[in-house]
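# Observations on the three-dimensional arrangement
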Amino acid sequence: MSLARALANLELDATNERVLRDVLVLFAHHPGEPLTEHDIVMRTGHQREELYEMLSALVRAFVLDFDSASGVYTFSGDVVVGFEIDTFKRRVDSHQGHVSSNVARFRERHGF
């Protein structure tokens, strides 16, 4: 199980990082809860097309378990993966904070 392994297999831009962050936070807050793809779409607010590749990569890296018979994803609540999720979440949140701060400073400076 390794989030780093999943991240290595994904091409992430800032938007996709935020989508992945939302998915990981959802599973971290609901360990052991079986979630269908529809549940994930509804709870994160992201489109199925955005999520498919990410969910597949997370399953291949053993971050999530997938039961093909019932079509549900689960997160075991593994402590090490939970730590990786927290680290990833903080990194994405920090980056978003810097971007927002830079945009605010630009607008302040140039009167937008």
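Keep in mind that this is a model prediction, so the values were computed, not measured.

### Overview of the pattern of salt bridges
Inspection of every chain in the model, using the stated rule, returns 6 salt bridges. Between Asp-93 and Arg-21 there is a salt bridge; the shortest N-O distance is 2.6 Å. With Asp-93 in helix α5 (residues 79-110) and Arg-21 in helix α2 (residues 14-29), the pair connects residues that are 72 residues apart, well separated along the chain. Ionic pairing is found between Lys-89 and Asp-93, a salt bridge with its closest N-O pair at 3.2 Å. Of the two residues, Lys-89 and Asp-93 are both situated in helix α5; the distance of 4 residues between them amounts to about one turn of the helix. For Lys-89, a relative accessible area of 26% puts it in the partly exposed group. A single network of salt bridges, built from pairs that share partners, joins Arg-21, Asp-22, Lys-89 and Asp-93.

### Comments concerning the environment of Leu-55
Within the fold, Leu-55 resides in helix α4 (residues 48-60). Of the residues examined, Leu-55 reaches a relative accessible area of 1% and is grouped as buried. Taking the C-alpha atoms as reference points, Leu-55 and Leu-20, 35 residues apart in sequence, are found 8.8 Å from one another. In contact with Leu-55, not counting residues within four places along its chain, are Val-23, Phe-27, Glu-37, Ile-40, Leu-64 and Tyr-73.

### Things to note about the nonpolar core
Soluble globular proteins tend to bury their nonpolar side chains together. Within the largest apolar cluster, 26 residues are counted, with the highest numbers of intra-cluster contacts made by Phe-27, Ile-40, Leu-55, Leu-58 and Leu-64. Elements supplying a minimum of two residues to this core: α1 (3-8), α2, α3 (37-44), α4 and α5. No other element matches α2, which puts 6 residues into this core. Contacts of Leu-64, omitting those with residues within four sequence positions, involve Phe-27, Leu-55, Leu-58, Val-59, Tyr-73, Thr-74 and Phe-75.

### Here we look at the packing of aromatic side chains
Applying the stated rule across the entire model yields 1 aromatic pair. The interplanar angle of 40° and the centroid separation of 4.5 Å between the aromatic rings of Phe-66 and Tyr-73 together place this pair among those described as tilted.

### Considerations on the sheet that holds strand β3 (residues 72-74)
Reading across from one edge, β1-β3-β2 is the order of the 3 strands in this open sheet, with antiparallel pairing throughout. For this open sheet the edge positions go to β1 (35-36) and β2 (65-67), each flanked by a neighbour on one side alone. When β1 meets β3, the two strands line up antiparallel, connected through 2 bridges. Note that in β3 the partner of Thr-36 across the bridge is Val-72.

What counts and how
- Residue numbering note: each chain is counted from 1, following its sequence as written.
- Totals for whole chains, interfaces and linings use all residues, but because this is a predicted model, local features are given only for residues with pLDDT of at least 70 and pairs of side-chain atoms are given and counted only at 80 or more.
- The basis for the side-chain values is all heavy atoms of the structure; hydrogens and waters are excluded.
- Put simply, a salt bridge is a Lys or Arg side-chain nitrogen that is within 4 Å of an Asp or Glu carboxyl oxygen.
- The way it works is that DSSP assigns letters per residue, a run of H or I at least four long becomes a helix, a run of E at least two long becomes a strand, and they are numbered from the N terminus.
- Each residue is assigned to one of three classes by its accessible area relative to the maximum for its type, calculated with a 1.4 Å probe on protein chains only: buried under 20%, partly exposed between the two thresholds, exposed over 50%.
- Residues count as neighbours in contact if any of their non-hydrogen atoms are within 4.5 Å of one another.
- Definition used in this section: a nonpolar core is a set of buried Ala, Val, Leu, Ile, Met, Phe, Trp, Tyr and Cys residues joined via side-chain atoms within 4.5 Å.
- Pairing of aromatic rings covers Phe, Tyr and Trp, the last counted by its six-membered ring, and requires centre-to-centre distances within 6.5 Å; plane angles under 30 degrees mean stacked, over 60 mean edge-to-face, and any other angle means tilted.
- By the convention used here, strands pair only if DSSP detects at least 2 bridges between them.

Everything listed here is a matter of coordinates, which is why it stays silent on function.
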